[in-house]
Amino acid sequence: MLGLYVHIPFCSAICNYCNFNRGLFDASLKEQYVAALGREIALKGDGSSADTIFFGGGTPSLLEPEDVRAIVTALRAGFDVSSDVEVTLEANPETVSPERLDGFRAAGVNRLSYGVQSFRDEELGRLSRLHSAARAVEAFGMARAAGFDNVSLDLMMWLPQQSIEYWLESVDRLIDLRPDHASLYILELYPNAPLRETMARSKWSLAPDDDAAEMYLEAMQRLDRAGYSQYEISNVAISGFESRHNLKYWTDGEWLGFGCGAHSTRHHVRWKNISSTTEYIAAATSGGHLDVERRELTPQEALEEALFTGLRLARGIDINAVNARYNVDVWAAYRDELERFLETGMVIYDGRVLRLSRAGMLVANEIMSLFLSTSVVD
Ligand code: SF4
């Protein structure tokens, strides 16, 4: 089944670390954009089966509930959307109200994903986020009161001036709220991020690498003890609340992306839409080409992708299934390179499943880069 991704590129303010495809909210541009999305969906809808819809951004919760309803209706008209579809809306705590949340639910949203990032106000301030910790707690309560029984909270770790203690305080506050799902990301600063300059000027520093490792491992242990299970490097859930949409990215699935900069992958072909919001609207309105990059993955690239993404999952990769799908012998091809990680317990192989231990997840990029060193399929 397909996943359907809808990109909403508008934000109330631009956070000082953000490298996503987004711009400042403009009501008239938003109107044009929602209409353009309707055109793209009508053009690409081919009746295929889909079981997830994901509104990502940007800040999708800046849409009006009727905008969300119009987009969901267009997707239902263009695709065979399953009756138990998972419809996720990414939301920022400062944008919601009981009325808006009721409206989103009535429009078909059944999963909310809040960008909380921290439960300490000074950390939120350093990230130039618009909400406070109290507002995040209030927004979570509003979601429950509106009947959302599938709510995810995002936190970010390794923030400027963040100690292990401060980080774990945020983790504990998250656990106290009992969300159904949580994502824990490490702050990654792109080269020209304004936050870099502010950090230099304000003499803010990051905790040492060893502390970052402890932040990750201790947080995961606390979440384990609280009944969450880690199903991906950065994601935990109460059993049954794993993100069905995001799992498509990690299990060699297929998805279509709508909106500016959205990526799609289908039948081993990958493409990306025009990034600029205004150019996207113009192209969608005039019936022009929306995709700017389109290419077929080589068999080697498809295999690497399956290994990279599969290893992100706690359950790992079923080597026999990958061998059969790509006509390779993964173990024979990569055993030598994997040896040192197997010896240190960072990679675990039981003759069928290859997976990362939690310590291995900390150095996942290093381990995954091994698959780039040897070409094993033509
Ligand atoms: S709200 Fe999210 S998408 Fe928007 S600027 Fe901040 S981090 Fe980026």
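Note that the structure is predicted; figures quoted are calculated from it, not measured.

Criteria and thresholds
Residues numbered from 1 in each chain as written. Predicted model: local features only at pLDDT ≥ 70, side-chain atom pairs only at ≥ 80, totals over all residues. Heavy atoms only, no water. Core = buried A, V, L, I, M, F, W, Y, C linked by side-chain atoms within 4.5 Å. Buried < 20%, exposed > 50% of the residue type's maximum accessible area, 1.4 Å probe, protein only. Helix = DSSP H or I, 4+ residues; strand = E, 2+ residues; numbered from the N terminus. Contact = heavy atoms within 4.5 Å. Salt bridge = Lys/Arg side-chain N within 4 Å of Asp/Glu carboxyl O. Near = heavy atom within 4 Å. Nonpolar A, V, L, I, M, F, W, Y, C, P; charged D, E, K, R; others polar. Expected span 1.5 Å × (residues − 1). Arc of directions from axis to C-beta. Pairing = 2+ DSSP bridges.

**Q** An account of the nonpolar core is requested, with residue identities and associated values reported.
**A** Within the largest apolar cluster, 103 residues are counted, with the highest numbers of intra-cluster contacts made by Phe55, Leu112 and Tyr114. In terms of residue count, the dominant contributor to this core is helix α6 (residues 164-177) (7 residues). Other than its neighbours up to four places away in sequence, Phe55 contacts Val6, Ile8, Pro60, Leu63, Val68, Ile71, Val72, Val87, Thr88, Leu89 and Glu90. Residues Cys15, Cys18, Tyr190 and Met199 belong to the second largest nonpolar core, which totals 12 residues.

**Q** Please set out the pattern of salt bridges residue by residue, giving values where relevant.
**A** Two side chains with opposite charge may pair up if their charged atoms get near one another. Across all of its chains, the model carries 24 salt bridges by this definition. The closest approach of N and O atoms between Asp67 and Lys30, which form a salt bridge, is 2.7 Å. Placement of Asp67 in helix α2 (residues 65-78) and of Lys30 in helix α1 (residues 27-44) is noted, with a sequence separation of 37 residues between them. Under the relative-accessibility criterion, Lys30 is labelled buried at 4%. Through salt bridges that share partners, Asp51, Asp84, Arg244 and Lys248 make up one connected network.

**Q** Any details on the site of the ligand? Residues and values, ideally.
**A** Every residue lining the ligand is accounted for by Cys11, Ala13, Ile14, Cys15, Tyr17, Cys18, Phe20, Gly58, Thr59, Asn92 and Arg129. Here the residues of the shell around the ligand are counted per class, giving 7 nonpolar, 3 polar and 1 charged.

**Q** Describe α1, and please don't skip the residues or the numbers.
**A** Across its 18 residues, α1 extends 26 Å between first and last C-alpha, which sits within 8% of the 26 Å expected from 1.5 Å per residue. All of the buried residues along α1 are Lys30, Tyr33, Val34, Ala36, Leu37, Glu40 and Ile41. When α1 is viewed along its axis, its buried side chains cluster within an angular range of 165° and face the same direction. In α1, the exposed residues that point more than 90 degrees away from the buried face are Ala42 and Leu43.

**Q** Let's hear about the environment of Phe341: which residues, and what values?
**A** Here Phe341 is to be found in helix α13 (residues 330-343). For the pair Phe341 and Val363, spaced 22 residues apart in sequence, the C-alpha separation works out to 9.9 Å. Beyond its immediate sequence surroundings of up to four residues, Phe341 is in contact with Met346, Val347, Glu366, Ile367 and Leu370.

**Q** Can you break down the sheet that holds strand β16 (residues 347-349) residue by residue, with the values?
**A** Ordered by their spatial adjacency, 3 strands build an open sheet running β15-β17-β16, and the pairing between neighbours is antiparallel. Looking at the sheet topology across the chains shown, the edges are occupied by β15 (317-318) and β16. Looking at chain direction, β15 and strand β17 (residues 353-356) are connected through 2 bridges and run antiparallel. Bridge pairing in β17 links Ile317 to Leu354.

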